Amino acid sequence: MTQIPIEPTKSGASSVPVGYTSVAKCEDVPDGEGRSYKIGGKSIALFRVRDRFYAINNICPHQGASLGKGKLKGYIVSCPLHDQQFDVRSGFGPDGGGYCVVRYDVKVYDGYVWVNFKPKDWFSGE
Ligand code: FES
């Protein structure tokens, strides 16, 4: 059974999020689109859906394309190279199977999107 992690908050944190890194200005990621960023050796894809932000590993596990450059439809991003699909909320495929990528916790504070680069453990829900 697939467990969909809790979505990040819309209103964001009330203070600088401890353990998180500022990745982008909120306005740099238009609603319904994604962007890719390299921060501290990590390549992440950041998406905005209905004013909530989601972060997953940017590298497609199939052949390494940038998922941040993929087409986003709802919560599903399609890889720009061969159309493999991922749910940006969980990193899983849309049906819960197939290829998957790590997802990261996201907070919004002071007009910026902050990402915790500690990968979420899919199986323990941690
Ligand atoms: S590189 Fe992403 S589906 Fe092939």
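Residues numbered from 1 in each chain as written. Predicted model: local features only at pLDDT ≥ 70, side-chain atom pairs only at ≥ 80, totals over all residues.

## Considerations on the overall build of the chain
Argument step 1. Helix and strand content of the chain: zero helices and nine strands.
Argument step 2. Secondary structure elements in the chain, listed N-terminal to C-terminal, are β-β-β-β-β-β-β-β-β.
Argument step 3. Looking at the chain as a whole, 30% of its 126 residues are labelled buried.
Argument step 4. Taking contacts inside the chain between residues at least 6 apart in sequence as the whole, the part at least 24 apart equals 47%. (Helix = DSSP H or I, 4+ residues; strand = E, 2+ residues; numbered from the N terminus. Buried ≥ 20, exposed ≤ 12 C-beta atoms within 10 Å, placed from the backbone. Contact = placed C-beta atoms within 7 Å.)

## Digging into the sheet that holds strand β6 (residues 76-78)
Backbone hydrogen bonds are what pair the strands of a sheet, in a parallel or an antiparallel way.
Argument step 1. The strand order across the open sheet built from three strands is β5-β6-β7, with neighbouring strands paired in antiparallel fashion. The outermost strands of the open sheet, each flanked by one partner alone, are β5 (71-73) and β7 (85-87). Strand after strand, the sheet turns through a mean of 25° between neighbouring axes, direction not considered.
Argument step 2. As paired strands, β6 and β7 are joined by three bridges and run antiparallel to one another. Along β7, the bridge assignment pairs V77 with F86. (Pairing = 2+ DSSP bridges. Axes fitted to C-alpha atoms, helices over the stretch in contact; angles between N-to-C directions.)

## What about the confidence of the model for the chain?
Argument step 1. Per-residue pLDDT for the chain averages 87, and the proportion of residues at 70 or more is 84%.
Argument step 2. pLDDT under 50 marks residues 1-9. Its contacts with residues more than four places away, or in other chains, come to 17 contacts. (pLDDT = per-residue confidence, 0-100.)

## Quick notes on the environment of Q84
Argument step 1. The topology assignment puts Q84 in the loop between β6 and β7.
Argument step 2. Overall, the presence of 20 C-beta atoms within 10 Å leaves Q84 in the buried class.
Argument step 3. Sequence-wise, Q84 and P61 are 23 residues apart; in three dimensions their C-alpha atoms are separated by 9.4 Å.
Argument step 4. With residues near it in sequence (within four places) discarded, Q84 still touches C60, H62, C79 and Y99.

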